[in-house]
Number of protein chains: 2
Amino acid sequence: MTEFILSENEFNKENIPWNGNRFLTGNGYFGIRGTLEEYTKENMCAINMAGIYDRAGDAWRESVNAPNPLYTYVIINGRKYALPHNKPLSHMQTLDFRNGVHSRRTEWLAEGGIITVKCERFASMSRRHLIAMKYTVSADFECDVEIVTGIDGDVWDINGPHFVKMQTSYKNNVCYVTGVTGEKSIAVNVREAVKPDFNTDETVINEERCICRHFSLKTKPNVEYSIEKIAEITSSEDDFEANDNIERLVYSELKAEHITEWERIWNVSEITIDGDDEAMYAINYSIYHLNSIAPRGQKGKSIPARGLSGQVYKGAVFWDTEMFMIDYYIHTEPEVAKTLLKYRIETIEGARQKAKEYGLKGAYYAWESQEGGYEGCSDYNVTDVFTGRPMRTHFRDKQYHVSAAVVYGLMKYIRGTGDYSILNEGAIETVIECAQFYRSLLLRYADKPYYEIHDVVGPDEYHERVNNNAYTNRMAKFVFDIAIELIEKFEKEYTEDAERIDKKYDLAKTRTMLRDSSENIFIQQPHEDGIIEQFNGYFDLEDTTVETVRSRLLNPKEYWGGAYGVAAGTQVIKQADIAAMLSMFRNDYSVEIMKKNFSYYEHRTEHGSSLSACMYALLACYTGDADTAYSLFMKSAKADLTKGGKEWAGLVYIGGTHPASEGGAWIVAVNGFAGIEETDGKLICRPLLPEKWKGMSFKLMYRNKLYAVDIKKGKAAINEI
Amino acid sequence: MTEFILSENEFNKENIPWNGNRFLTGNGYFGIRGTLEEYTKENMCAINMAGIYDRAGDAWRESVNAPNPLYTYVIINGRKYALPHNKPLSHMQTLDFRNGVHSRRTEWLAEGGIITVKCERFASMSRRHLIAMKYTVSADFECDVEIVTGIDGDVWDINGPHFVKMQTSYKNNVCYVTGVTGEKSIAVNVREAVKPDFNTDETVINEERCICRHFSLKTKPNVEYSIEKIAEITSSEDDFEANDNIERLVYSELKAEHITEWERIWNVSEITIDGDDEAMYAINYSIYHLNSIAPRGQKGKSIPARGLSGQVYKGAVFWDTEMFMIDYYIHTEPEVAKTLLKYRIETIEGARQKAKEYGLKGAYYAWESQEGGYEGCSDYNVTDVFTGRPMRTHFRDKQYHVSAAVVYGLMKYIRGTGDYSILNEGAIETVIECAQFYRSLLLRYADKPYYEIHDVVGPDEYHERVNNNAYTNRMAKFVFDIAIELIEKFEKEYTEDAERIDKKYDLAKTRTMLRDSSENIFIQQPHEDGIIEQFNGYFDLEDTTVETVRSRLLNPKEYWGGAYGVAAGTQVIKQADIAAMLSMFRNDYSVEIMKKNFSYYEHRTEHGSSLSACMYALLACYTGDADTAYSLFMKSAKADLTKGGKEWAGLVYIGGTHPASEGGAWIVAVNGFAGIEETDGKLICRPLLPEKWKGMSFKLMYRNKLYAVDIKKGKAAINEI
């Protein structure tokens, strides 16, 4: 079994934010940023809780970071040694992403000799409330050592503070911190038990937002002294119970159990690539992230756009989930995919409210969906770098394509699992109401025969308020068509329930409406040169290059889009838009058209979103161009491995992990390079491997069965396991 | 006869731009800014030509300033005395606006004593190519005087230079300068003859862009020495001939003739107010401006928004003309009103092109109309003060209400003159094609019964891209209704021509289209509290005060509108919008509704346009509130008499005269305070005079007859003269 190790072998202060992301560990219940144990909020330290949100004052609602039970540092002969303040002699940070274990090793030159701190920790994959950590100190000389360890409740927040109340206490060898949020009084409880492997006095110091134990000892040279800590995080929102007796748990046992669980996961999800270790490493690193943030066995949760790497994008769920991540889960762990969809189904009321707010019908899902479908997106979502003022953006009100993404995700799930029963668990309502929503957007000029959709923001967010965005219109048609198909299916499969649905929606009338909408909606067609216009008037915009547009920036942090951004008056786009449509509806277009549009649009794309490269890569595969696809695929798979991702939109920090990019890379690997398609309920494999790939093998869940896919240059085999 | 004198009795350098406007003289063929004779382009000196435009490089097209034949200064004992460089002992600048004569008197303390320069000049109202000037020098001591006078071709331009070629010459005592524009090779010719009243040598110095005569003399103390100059300006665009022999013309005779012409004009247009000299002064000053810029006897011209005061707003014609100025001409000099309308009728091809450009039908008139209806408005019409970048504005593409203003102006003309013959001179096509234009804007939601107009900029330009602007929709309906009415009239009156029109437009089909449009267009109705929403969603905007919005400015020159301006997210508006609609369609609304809306919107109006106050004043009159109307009326009448008008939109200079405000003041005086209405082809007078007005009298042309209106508190008489 190949090792999967990510490591940094020296200390770079400026990498702290990036390392927080790429060394992330998590178990779907929380994510632990890859920060060091002695770090505090200044170093963007966070244990980000899935699905718990709070608003502080008038600021944006965002996900909540738990009090941090990893907090630990060392004092040698009365002097504290901690990064980033004390320059180390050596430093190494490591993520074993096969086993989901984070570790660090740091040496400092002290008066008297060298001291070494090691720490290993993991977010338990088998018991999702637990974090386990082993912290070891040694010195090559005799010295007085004090290990300080506890729970730091003074957490990092972007729009905090969220804990308006905080209690710290100590009882029977366990430290407790409970923070209570201001908006909804949600309690986040953290407790920890610590076992030193040496004789020591324990002093507990209880401060306002921090509780710490101090262990003192005199060390012998070159002897390691360790503490093991088991910490538990729960919240008043939990829908399941945590009932571990943490004082009795043993680090090594927990670790073994944790690794077994990861082995189980890798057993299905690992992708082997023969001939390209770099690609194999990157795609499995992507898969690692997707696994670390999957809401296994949790209800009412989905996956935020930045995973569990922090509060960026408000910890909210975007179309990213249904468009780019869900494919991976459908084909490795369908229950997770269903959980994601159930999150949408169960938050339809929020979508109804949002549609109503804009005078529209049906279900208009939140652009930045928080618990219960609450729309976390503000009307002012970017800060102007020149004036410091919030800018009126249209992500919230005009990015209509989000509801279609939900239906698209659902359809992928149904096709991949054959599980129509979800329709009778609320999905049929979701589909119908998404269709109603698009219907209510349709406009017709007094003397024109077709329907249009106006005043839209498409996937390319740099052009706001456009008419007939090709992608949006095509997705609306998709929703109308799928609604027709699924209503028919539902009426056949669930005769009795169909009556209830008929009463609610008048299915005959709905069908007429759907047919009329699907038949008459305007779909952008290729122009004479084969290029499809991204929206009405796009071709009239200044035709220039990404580099030219970039050269016009007056401030590197300024927003490219909006009414006056450098890209707004040009054909330069943020991300795949036409390219996404072509990939998704490849059967509607000839390879020739796909090629021409790939070439036209890719040159004009900034790839300012991590969702862009994978879509273009997939399209390149569909045109038979594996080489072009390869570099885009690698960009996507390495989104979190590569430094220098886009970290600012205006003055708003947008760094974090990129699970959609990672999910997108998986799609390219499986549907693109391996060429997996389904036809008539069967998997087909039409591989198109990049030049240096000699072979590729992986497993896939499809309609309740697990298959092994094995590709060796020229030959492909799919065998049920 | 009351004198009408405007004067400034000291020299203030900072008033130079403002004085250039308020001391303007003109005759409709050109406007002469109220600058002093020694001024050059640095002091915004300009003789602005009506209807001649040029584009230099990529800059905005704008009207052209002629070479300046007023250029004159004095040298005493070898030293030049000129404002603003040499501080005067005394200075007075005067505009006799009854007689259209500009004059100045300046004293300087020189070594040896006091020297005095006087100058009187006028733009001949009787011979519209001519400028006459008398320049006088005296000193209270003996000295060497040199008078330098000539034609300065180095003119002030905002987006120049426009003369790519310039020739200067001298022949038979006449100096010549001809400038040729770059874009269309239009020649602007200036020549001048000068007669000194003293014996002198004349030296002519001919520079690249300037030709000057130098007259030298030795003066006796306290004796005045004068030169008389007659200058002629013509252009290769003239549609009539200038055939004066300027060498033989005599200043005093020309002046007498000029004053006689002004007397003829004042005989019809003067308004007398008993009890309020200030108001009488202001309204007649307004009338002076309207007369100075009227294109009398000229074809193919209309009146720019800033009159003939310079190149601001590109010297272009706006809706201002048909909405605010034309009323005055209809009722004092209907031929001028017809000239204005013929300009629109004859430029329909430009309007057709513009409609086509946006995929619309019929006639979409230019927002900033230049010669031939050319659209002078740029997509980027404001400069961002923070970035220095041009801002994408929507004056050009979305201010749909401009075509309706043309029809509205036409309808006022027809009602006021009874002259339907204009219909058969192209007006019926204009009306039908404006209606076709609005028809092509109508949108209907798939499941809604009415038509909407989306993505509009209404009169309140601070809110761009709104849906169902009340004013715009109501004006569209007006156009549909008027088209029905005028087609019917046309068919009756011009049976033969009606066949031609029917062939062109299929009148039966057009009628059906017009009825459907008029009946089904969505018209904003008063809400429960009686307030009409300015556009969909206006009431959801932040409800705050003009002062609060102003306090948020980071830069006094920043633009309030656009996507992110301080007013954009609030209910604060630039100018009358609902108020304009209510004034124009007063019969559709109860006084109660008008009162409520006046009160609601006036408090939220910045009056950032000079078109605003008069509309509110008129509405206040219609609600019976003369006192409130009075202060708004005075604001409007004194637009050019008051310092501190808005001079910047972003980084774009927008100063100049405000003929629409002046025309608006006239409407308030006549239709508001005097309460002139027409019913069944008759004039009615229902006066509502402001508190201190004891009486009011004026003359009015109505359907080919001149009437004297005489109002004394409580009683009104209208008598045909």
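Since the structure is predicted, the reported quantities are computational estimates derived from the model, not experimental observations.

Peer 1: Which residues make up the overall build of chain A, and what values go with them?
Peer 2: Secondary structure summary: chain A contains 18 helices and 29 strands in total. The globule rule puts the C-alpha radius of gyration for 721 residues at 27 Å, and the 26 Å found for chain A is close to it. In terms of overall dimensions, chain A has a C-alpha envelope of 90 × 55 × 55 Å along the principal axes. For chain A, buried positions account for 55% of its 721 residues. Taking as baseline every contact in chain A between residues at least 6 positions apart, the subset at least 24 positions apart corresponds to 67%.

Peer 1: Could you give me a rundown of the domain arrangement of chain A, with the residues and numbers involved?
Peer 2: Interfaces are often sized by the accessible area lost when the parts come together. Residue and element names in this part refer to chain A. In terms of domains, chain A is made up of domain 1 (5-246) and domain 2 (270-720). Secondary-structure elements contributing two or more residues to the side of domain 1 that touches domain 2 are α1 (16-22), β2 (25-26), β3 (30-32), β4 (47-54) and β5 (62-66). The class makeup of the residues in the side of domain 1 that touches domain 2 is 12 nonpolar, 11 polar and 6 charged.

Peer 1: Can you tell me about the relation of the copies chain A and chain B, naming the residues and giving the values?
Peer 2: In screw terms, the move from chain A to chain B is a rotation of 180 degrees and a rise of 0.0 Å along the axis, fitting with an RMSD of 0.0 Å. These values place the two chain copies in the arrangement generated by a two-fold rotation axis. Minimal C-alpha separation from the rotation axis in chain A is found for R444(A), amounting to 2.6 Å. A high fraction, 100%, of the interface residues of chain A reappear at the interface in chain B, so the copies pair face to face through one surface.

Peer 1: An account of the interface of chain A and chain B is needed here, citing residue identities and associated values.
Peer 2: Taken together, the contact between chain A and chain B spans 22 residues of the former and 22 residues of the latter. Of all elements in the fold, only β21 (390-392) and β22 (443-445) of chain A reach the threshold of two or more residues within the side of chain A that touches chain B. With 3 residues, β22(A) is the largest single contributor of residues to the side of chain A that touches chain B. Among the residues forming the side of chain A that touches chain B, the class breakdown is 11 nonpolar, 4 polar and 7 charged. Relative to strand β22 (residues 443-445) of chain B, β22(A) runs antiparallel, the two being bridged by 3 bridges. Among the inter-strand pairings, R444(A) is bridged to a residue of β22(B), identified as R444(B).

Peer 1: Can you explain the nonpolar core? Please cite residues and give values.
Peer 2: The tendency in soluble globular proteins is for nonpolar side chains to be buried as a group. Membership of the largest hydrophobic core comes to 433 residues, with the highest contact counts inside it found for V479(A) and V479(B). With sequence-adjacent residues up to four places away left out, V479(B) is seen in contact with A404(B), V407(B), C434(B), A435(B) and Y438(B).

Peer 1: For the sheet that holds strand β29 (residues 715-720) of chain A, give the residues involved together with the corresponding values.
Peer 2: Residue and element names in this part refer to chain A. Taking strand neighbours across the sheet as the criterion, the 4 strands line up as β19-β27-β28-β29 in an open arrangement whose pairing is antiparallel. The two strands at the open ends of the sheet, each matched to only one other strand, are β19 (271-274) and β29. Here the average twist between neighbouring strands, direction ignored, is 20 degrees. Bridge count for strand β28 (residues 705-712) against β29 is 6 bridges, and the pairing is antiparallel. When the bridges of β29 are listed, A708 appears paired with N719.

Peer 1: Tell me about the pairing of strand β12 (residues 143-152) of chain A, and name the residues and values.
Peer 2: All names here are of chain A. Across the 10 residues of β12, 7 count as buried, placing the element largely inside the fold. Sheet analysis places strand β6 (residues 72-76) next to β12, joined by 5 bridges and oriented antiparallel. Across the sheet, the residue bridging to V74 is I147, located in β12. Relative to strand β17 (residues 210-219), β12 runs antiparallel, the two being bridged by 10 bridges. By the bridge assignment, I147 is partnered in β17 with F215.

Peer 1: Got a sec to walk through the packing of helix α5 (residues 334-346) of chain A against helix α8 (residues 401-417) of chain A? Specific residues and values, please.
Peer 2: Residue and element names in this part refer to chain A. One can describe the packing of α5 onto α8 by two numbers: an axis separation of 10 Å at closest approach and a directional angle of 150 degrees. The angle between the axes of α5 and α8 places the two elements in the roughly antiparallel class. As α5 runs across α8, the sense of the crossing is left-handed. Judged by residue contacts, P334, A337, K338, L341 and R344 of α5 engage V406, G409, L410, Y413 and T417 from α8.

Peer 1: For the packing of helix α6 (residues 348-357) of chain B against helix α9 (residues 427-441) of chain B, give the residues involved together with the corresponding values.
Peer 2: Residue and element names in this part refer to chain B. Closest axis-to-axis distance for the α6/α9 pair is 11 Å, and the angle between their directions is 10 degrees. By the angle between their directions, the pair α6 and α9 is classed as roughly parallel. Residues I348, R352 and A355 of α6 form the contact with α9, whose own contacting residues are E429, T430, E433 and F437. Considering only residue class, the contact of α6 with α9 consists of 3 nonpolar, 1 polar and 3 charged.

Peer 1: Summarise the sheet that holds strand β16 (residues 201-207) of chain A; cite the residues concerned and give the values.
Peer 2: All names here are of chain A. Sheet architecture is open: 5 strands sit in the order β7-β6-β12-β17-β16, paired in antiparallel fashion. Edge strands, defined here as strands with exactly one partner in the open sheet, are β7 (79-81) and β16. Between one strand axis and the next, the sheet turns by 25 degrees as a mean value, whatever way the strands run.

Peer 1: With reference to specific residues and values, describe α8(A).
Peer 2: All names here are of chain A. For α8, spanning 17 residues, the distance from its first C-alpha to its last is 24 Å, which sits close to the expected 24 Å at 1.5 Å a residue. Of all 17 residues in α8, 14 are buried, a share of seventy percent or more. Just downstream of α8, G418 is the residue with a positive phi angle, here 70 degrees.

Peer 1: Before we move on, could you go through the environment of Q571(A) and cite the residues and values that matter?
Peer 2: Residue and element names in this part refer to chain A. Here Q571 shows up in the loop between α13 (546-551) and α14 (578-584). Classification of Q571 as buried rests on a count of 21 C-beta atoms within 10 Å. Beyond its immediate sequence surroundings of up to four residues, Q571 is in contact with Y538, L541, E542, D543 and R604.

Peer 1: A description of the pairing of strand β28 (residues 705-712) of chain B should follow, citing residues and the corresponding values.
Peer 2: All names here are of chain B. Bridge count between strand β27 (residues 695-702) and β28: 8 bridges; the pairing is antiparallel. For K699, the partnering residue across the bridge sits in β28 and is A708. Where β27 folds back onto β28 in an antiparallel hairpin, the turn is made up of 2 residues, including R703, whose phi is positive at roughly 45 degrees. As consecutive antiparallel partners, β28 and strand β29 (residues 715-720) are separated by 2 residues, and within that stretch G714 has a phi angle of approximately 90 degrees, a positive value.

Peer 1: So what's going on with unusual backbone geometry? Residues and values would help.
Peer 2: Excluding glycine, residues mostly carry a negative phi; peptide bonds, for their part, are mostly trans. Residue and element names in this part refer to chain A. Put simply, G160 and P161 share a cis peptide bond, and its omega is 0 degrees. Along the chain, P161 turns up in the loop between β12 and β13 (163-171). In the Ramachandran plot, N468 falls in the positive-phi region, its phi being about 55 degrees despite a non-glycine side chain. Position of N468 relative to the elements: it lies in the loop between β22 and α10 (470-493).

Peer 1: Any chance you could break down the environment of I233(A) for me, citing the residues and the numbers?
Peer 2: All names here are of chain A. Note that I233 resides in strand β18 (residues 225-235). Distance from I233 to Y438, taken between C-alpha atoms, is 42 Å for residues 205 residues apart in sequence. With residues near it in sequence (within four places) discarded, I233 still touches F30, I47, A66, H129 and V190.

Rules used throughout
- Residues numbered from 1 in each chain as written.
- Chains lettered and ligands numbered in written order.
- Predicted model: local features only at pLDDT ≥ 70, side-chain atom pairs only at ≥ 80, totals over all residues.
- Helix = DSSP H or I, 4+ residues; strand = E, 2+ residues; numbered from the N terminus.
- Rg over C-alpha atoms; globule rule 2.2 N^0.38 Å.
- Buried ≥ 20, exposed ≤ 12 C-beta atoms within 10 Å, placed from the backbone.
- Contact = placed C-beta atoms within 7 Å.
- Domains from an automatic or database assignment.
- Nonpolar A, V, L, I, M, F, W, Y, C, P; charged D, E, K, R; others polar.
- Least-squares fit on C-alpha atoms with pLDDT ≥ 70 in both.
- Pairing = 2+ DSSP bridges.
- Core = buried A, V, L, I, M, F, W, Y, C linked by C-beta atoms within 7 Å.
- Axes fitted to C-alpha atoms, helices over the stretch in contact; angles between N-to-C directions.
- Parallel < 35°, antiparallel > 145°, perpendicular 65-115°, else oblique.
- Left-handed = near helix turned anticlockwise from the far one by under 90°.
- Expected span 1.5 Å × (residues − 1).

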